[in-house]
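# Residue-level structure breakdown
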Amino acid sequence: MKDNKFLYAARFIACLAVITIHTRFPGKFGQIMDALARFAVPYFFAVSGRFLLMSDSDKTKQTDVSDIVFVRAKTSKALLKLLKITGIVYLIHLLFSFVYHISSGVSVSEWFSSKYNPGELLNFLMYNSGKVIYDGSYTFDHLWYLFALVYVYVLIYIFAPVLRKWYKGLIVILLFFLYLGMLLQTYYPIRPFGINICTWYVMRNWLFVGMPFVLIGVLFADYIRDKVDTLSEGNRLAWEKSVGPKAIIGILSGIILTIIETFIYGNKEVHFGSFFIVVGILFLAECKSSWNKGTRQGNGIIWKIGKKSSSNIYFYHVLIIAIIDILSQRGVVPTPPMWFKPLLIMAICVILFYFLPLLWEKRLKSHSST
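Model, not experiment: these values are computed from the prediction.

## A short note on the overall build of the protein
Within the protein, the secondary structure is distributed over 15 helices and 0 strands. Compactness check: the protein gives a C-alpha radius of gyration of 22 Å against a globular reference of 21 Å for 370 residues, within 12% of the reference. Principal-axis analysis of the C-alpha atoms places the extent of the protein at approximately 65 × 65 × 45 Å. Counting over 370 residues, the protein shows a buried share of 49%. Here the contacts in the protein between residues at least 6 apart in sequence split such that 74% fall between residues at least 24 apart. Charged side chains of the protein number 38 positive and 20 negative; the gap between the two group centres comes to 4 Å.

Structure representation (structure tokens):
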């Protein structure tokens, strides 16, 4: 992300927010935190789109032919990297599931058939969910994000010739159906393909969340390249001073709107306010002259954790939750109170994925220097 410290800090906060979804604070406070945290995954998609088609030489629009080649080259590179990450993360979760079930007395054939039967495979292929990516060993399908992003990258590669002709219309259409689906969940729960629309993955998948928010990121990157990066230094500063307060207002409006939605409609997979939060963060991240003042000398641990550890926090926090739950159920450790459990998981994640690797790096450097 070109060392955009604001986006790294936001990514760290978003990862902590996801933890509050999977291990909630109690009461109304927990409900509100759960709702506000729903901005996180749309934000991940938007940032992926923001930097998908970026390069140092990409300062002006390409010709139609060269743009197709450029889009496919950048997307294929990102896709290969994503497939490698997805494969590693999925295999680790699969191994955890296998060990858990075998140690619980489940046979290999029973475990395999419970995960890879036709019904679960269909849910996975259509919605990026199902027991293919989660089961009783860890009960959250957070890995849907990675597989949804794979789908989106593949489609961007295929439709590269019409990407910039269609993406504005697609964003509007897909967001319309996303939020229409959220309203139907509350007022008229239809059953598309025989599955109740209230089922979490019917609207929260590669099509209605992944695609529009990645395309929002791509559209935003084009806007910055064409309208902002071409400004002189003085005009750029003026743009930042104008946009910064508006972006903050947008984020605050999104927070307030999300809270209002929660009390009216209940918690949803993606709130309308989440859209304003995500777009506000993207714009605020471009106000570099303001937010970068406190980090020019390398200060600020939040963005450093976001840069080095947020991916692993997102990928593996569910396994940490599962381990804590298993140890609690077996009486090895006391069951943490609901208000304390999210904070405990956050602390363990930061220690495991930031401070311990940092200590290990320092130890290796000290050994290499002696």
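## Observations regarding the packing of helix α3 (residues 40-52) against helix α10 (residues 206-228)
Relative placement of two packed helices is described by the angle separating their axes and the distance separating the axes. Their axes nearest at 6 Å, the elements α3 and α10 cross at an angle of 45°. Accordingly, the angle class assigned to the pair α3 and α10 is oblique. α10 is crossed by α3, and the crossing has right-handed handedness. Contact residues: Pro 42, Phe 45, Ala 46, Gly 49 and Arg 50 in α3; Val 209, Gly 210, Phe 213, Val 214, Gly 217, Val 218, Phe 220, Ala 221 and Ile 224 in α10.

## Points about the environment of Val 89
By secondary structure assignment, the location of Val 89 is in helix α4 (residues 64-103). Residue class for Val 89 comes out buried when judged on its relative accessible area of 2%. Spatially, the C-alpha atoms of Val 89 and Phe 140 are 14 Å apart, while their sequence positions differ by 51 residues.

## A word on α3
Between the first and last C-alpha of α3 there are 18 Å, a value that for 13 residues agrees with the 18 Å anticipated at 1.5 Å per step. With 13 of 13 residues buried, α3 lies mostly within the body of the structure.

## Notes on the pattern of salt bridges
Counted under the stated rule, the structure contains 13 salt bridges. Where Arg 50 meets Glu 286, a salt bridge forms, and the shortest distance between an N and an O atom there is 2.9 Å. Of this pair, Arg 50 sits in helix α3 while Glu 286 sits in the loop between α12 (272-285) and α13 (288-291), placing them 236 residues apart in sequence. Note on Glu 286: relative accessible area 2%, which makes it buried. The partner of Asp 141 in a salt bridge is Arg 204, with the nearest N and O atoms 2.8 Å apart.

## What to know about a nonpolar patch on the surface
Residues Ile 13, Ile 301, Ile 302, Ile 351, Leu 352, Phe 355, Leu 356 and Leu 359 make up a contiguous nonpolar surface patch of roughly 700 Å² in combined accessible area. Among the elements of the structure, α14 (301-329) and α15 (341-369) are those that each provide at least two residues to the nonpolar patch. The greatest single-element share of the nonpolar patch, amounting to 5 residues, is contributed by α15. On the basis of relative accessible area, Phe 355 is assigned to the partly exposed category, the value being 35%.

## So, the packing of aromatic side chains
Following the criterion strictly, the structure yields 31 aromatic pairs and no others. Between Phe 112 and Tyr 116 the ring centres are 5.0 Å apart and the planes differ by 45°, which places this aromatic pair in the tilted class. Residue classification places Tyr 116 among the partly exposed residues on the basis of a relative accessible area of 22%. Geometrically, the ring pair formed by Trp 200 and Tyr 201 is edge-to-face, given 5.0 Å between the ring centres and 75° between the ring planes. Classification of Trp 200 as partly exposed rests on a relative accessible area of 30%. An aromatic cluster is present here, built from Phe 39, Tyr 43, Phe 44, Phe 45, Trp 144, Tyr 145, Tyr 314, Phe 315, Tyr 316 and Phe 353 joined pairwise through their rings. Stacked on the ring of Trp 303, the Lys or Arg Lys 5 has its end atom at 4.9 Å from the ring centre. The ring centre of Phe 51 lies 4.8 Å from the NZ or CZ of Arg 50, which sits over that ring.

## What about the environment of Phe 353?
The residue Phe 353 is located in helix α15 in this model. Sequence-wise, Phe 353 and Thr 75 are 278 residues apart; in three dimensions their C-alpha atoms are separated by 28 Å. In this structure, Phe 353 is in contact with Ser 309, Asn 312, Ile 313, Tyr 316 and Ile 320, ignoring residues within four places of it in sequence.

## A short note on the environment of Val 69
Mapped onto the secondary structure, Val 69 falls in helix α4. Residue Val 69 is classed as exposed on the basis of its relative accessible area of 55%. In sequence terms Val 69 and Cys 198 are 129 residues apart; their C-alpha atoms lie 41 Å from each other.

Criteria and thresholds
- Residues numbered from 1 in each chain as written.
- Predicted model: local features only at pLDDT ≥ 70, side-chain atom pairs only at ≥ 80, totals over all residues.
- Heavy atoms only, no water.
- Helix = DSSP H or I, 4+ residues; strand = E, 2+ residues; numbered from the N terminus.
- Rg over C-alpha atoms; globule rule 2.2 N^0.38 Å.
- Buried < 20%, exposed > 50% of the residue type's maximum accessible area, 1.4 Å probe, protein only.
- Contact = heavy atoms within 4.5 Å.
- Lys, Arg positive; Asp, Glu negative; His and termini not counted.
- Charge placed at Lys NZ, Arg CZ, Asp CG, Glu CD.
- Axes fitted to C-alpha atoms, helices over the stretch in contact; angles between N-to-C directions.
- Parallel < 35°, antiparallel > 145°, perpendicular 65-115°, else oblique.
- Left-handed = near helix turned anticlockwise from the far one by under 90°.
- Expected span 1.5 Å × (residues − 1).
- Salt bridge = Lys/Arg side-chain N within 4 Å of Asp/Glu carboxyl O.
- Patch = residues over 30% accessible without salt bridge, like charges linked within 9 Å, V, L, I, M, F, W, Y side chains within 5 Å.
- Areas by Shrake-Rupley, 256 points an atom, 1.4 Å probe, with all protein chains shown as cover.
- Phe/Tyr/Trp six-rings, centres within 6.5 Å; stacked < 30°, edge-to-face > 60°.
- Lys NZ or Arg CZ within 6 Å of the ring centre and 35° of its normal.

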